[in-house]
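# Fold and geometry: a report
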Amino acid sequence: MLDKSPVLGPGRGPRSYNKIIHVMLPAWQDVSYIQGIPYPVTMCTSETFKALDAFEARSDDIVLASYPKCGSNWILHIISELMFADSKQKYEYPEFPVLECGDPEKYQRMKQLPSPRILATHLHYDKLPGSIFKNKAKILVIFRNPKDTAVSFFHFHNDVPDIPSYGSWDDFFRQFMKGQVSWGSYFDFAINWNKHLDDENVMFILYEDLRENLATGIKRIAEFFGFSPSGEQIQTISAQSTFHAMRAKSQETHGAVGPFLFRKGEVGDWKSLFSETQNQEMDEKFKECLAGTALGKKLKYNSYCQP
Ligand SMILES: Nc1ncnc2c1ncn2[C@@H]1O[C@H](COP(=O)(O)OS(=O)(=O)O)[C@@H](OP(=O)(O)O)[C@H]1O
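Residues numbered from 1 in each chain as written. Predicted model: local features only at pLDDT ≥ 70, side-chain atom pairs only at ≥ 80, totals over all residues.

Identification of the protein chain as Sulfotransferase from Odocoileus virginianus is taken from an unreviewed UniProt entry. Check the Sequence similarities (unreviewed entry) section of the UniProt entry for the protein chain; it says "Belongs to the sulfotransferase 1 family." Note on the protein chain: under the UniProt heading Catalytic activity (unreviewed entry), the record states "4-ethylphenol + 3'-phosphoadenylyl sulfate = 4-ethylphenyl sulfate + adenosine 3',5'-bisphosphate + H(+)". (UniProt positions renumbered as here; feature names shortened; annotations may be inferred.)

## Notes on the overall build of the protein chain
Across its full length, the protein chain carries 16 helices and 6 strands. Relative to the compact-globule value of 19 Å for 307 residues, the protein chain shows a C-alpha radius of gyration of 18 Å, a close match. Projected onto its principal axes, the C-alpha positions of the protein chain cover 50 × 40 × 40 Å. Within the protein chain, buried positions represent 40% of all 307 residues. (Helix = DSSP H or I, 4+ residues; strand = E, 2+ residues; numbered from the N terminus. Rg over C-alpha atoms; globule rule 2.2 N^0.38 Å. Buried ≥ 20, exposed ≤ 12 C-beta atoms within 10 Å, placed from the backbone.)

## Quick notes on the pairing of strand β2 (residues 37-40)
Here β2 shows a buried face lined by Ile-37 and Tyr-39 and a second buried face lined by Pro-38 and Pro-40. As defined by bridge partners, strand β1 (residues 31-34) adjoins β2 across 4 bridges and the pair is classed as antiparallel. Residue pairing across strands places Tyr-33 opposite Pro-38, the latter belonging to β2. What sits between the antiparallel neighbours β1 and β2 is a turn of 2 residues, in which Gln-35 has the positive phi angle 50°. (Pairing = 2+ DSSP bridges.)

## Some details on the packing of helix α5 (residues 146-159) against helix α6 (residues 169-178)
Axis angle and axis distance: for two packed helices, these are the angle between their axes and the distance between the axes, and together they describe the pair. Running from N to C, α5 and α6 cross one another at 125°; their axes reach a closest spacing of 10 Å. With respect to each other, α5 and α6 are oriented oblique. Seen along the crossing, α5 lies across α6 with a hand that is right-handed. Across the interface between the two elements, Ala-150, Phe-153, Phe-154 and His-157 of α5 pack against Trp-169, Phe-172, Phe-173 and Phe-176 of α6. Partitioned by chemical class, the residues of the contact of α5 with α6 number 7 nonpolar, 1 polar and no charged. (Axes fitted to C-alpha atoms, helices over the stretch in contact; angles between N-to-C directions. Parallel < 35°, antiparallel > 145°, perpendicular 65-115°, else oblique. Left-handed = near helix turned anticlockwise from the far one by under 90°. Contact = placed C-beta atoms within 7 Å. Nonpolar A, V, L, I, M, F, W, Y, C, P; charged D, E, K, R; others polar.)

## A few points about the UniProt feature "domain: Sulfotransferase" (unreviewed entry) in the protein chain
When the UniProt feature table is mapped onto this chain numbering, "domain: Sulfotransferase" (unreviewed entry) sits at residues 60-293. End C-alpha to end C-alpha, residues 60-293 measures 30 Å, and it is 50% helix and 9% strand.

## Thoughts on the sheet that holds strand β5 (residues 138-143)
Strand order in the open sheet made by the 4 strands is β4-β3-β5-β6, with parallel pairing throughout. Among the strands making up the open sheet, the edge pair consists of β4 (118-121) and β6 (202-206). Within the sheet, the average angular offset between the axes of one strand and its neighbour, ignoring direction, is 20°. Sheet analysis places β5 next to β6, joined by 5 bridges and oriented parallel. Within the sheet, the bridge partner assigned to Phe-143 lies in β6 and is Leu-206. Relative to the sheet, helix α2 (residues 72-87) contacts β3 (62-66), β4 and β5, its axis offset from that of β3 by approximately 160°.

Here it is as structure tokens:
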């Protein structure tokens, strides 16, 4: 979640909230490698990652795991609305909602937060803090087809003034395919999760399915986390969670970055940028990494990634 939520208190969030000084450098210079994976230097530090090792998850934490640009802000909004429907209490974000982003003292402060806490993360499965599993927190895993994910990621880099730009789509595509982008390789992220989708306390949701039938998706999310909204509440939440509704409010909810974060919300936007060669390259990569796997099937690649 490369989010610029205005609810962040001064000094509490990632340093990117101030000013990125690397803005003129090529994007690869703006990442730092932590345990072999590139992260944006302005949002993730090795000190914070060290402190994260000792993070104590709770059994009622709500964990949202996704590769960047797969719709985590969308799901976060839906869950906040489900909580509101349940308790009439507005979910407050006292900390930046991405678990691995922020200062190292963040996890101490998080001990004071009331349950349930929402923990969004783009960390790969094997980099998640062990207490999430030990304490049996529920994890919702959100996936989106890799072609639209790449296009969304590219636009985010090039649209948001604070974030380093890529020289061209071709440059970004090359880095994306090598996994040399923030939070590493989409395909590694997927391969890691593929073995765990049927684990206890894990539920998979596909961006494209949610877009196709929002009310059904909201119902599944509610059941998984133990919320019991009425039919009417589901309808209200659906209406508030469409792309257009969220984009219309995006400056209010996410500040200046809102319209970039809620950019287009479409399935198949990849067709606007992918060349034939890039198409084939990604098809090959998908085949090599995910064809024949449980996750490969769930991603419905042939429906969403073929011209
Ligand atoms: N309500 C709704 N409906 C459909 N699509 C939506 C919705 N909300 C967010 N989005 C789209 O999700 C993309 C951003 O994903 P993330 O929120 O995970 O981004 S981030 O990694 O946290 O920066 C980004 O995709 P693109 O528009 O393709 O760039 C958002 O537009």
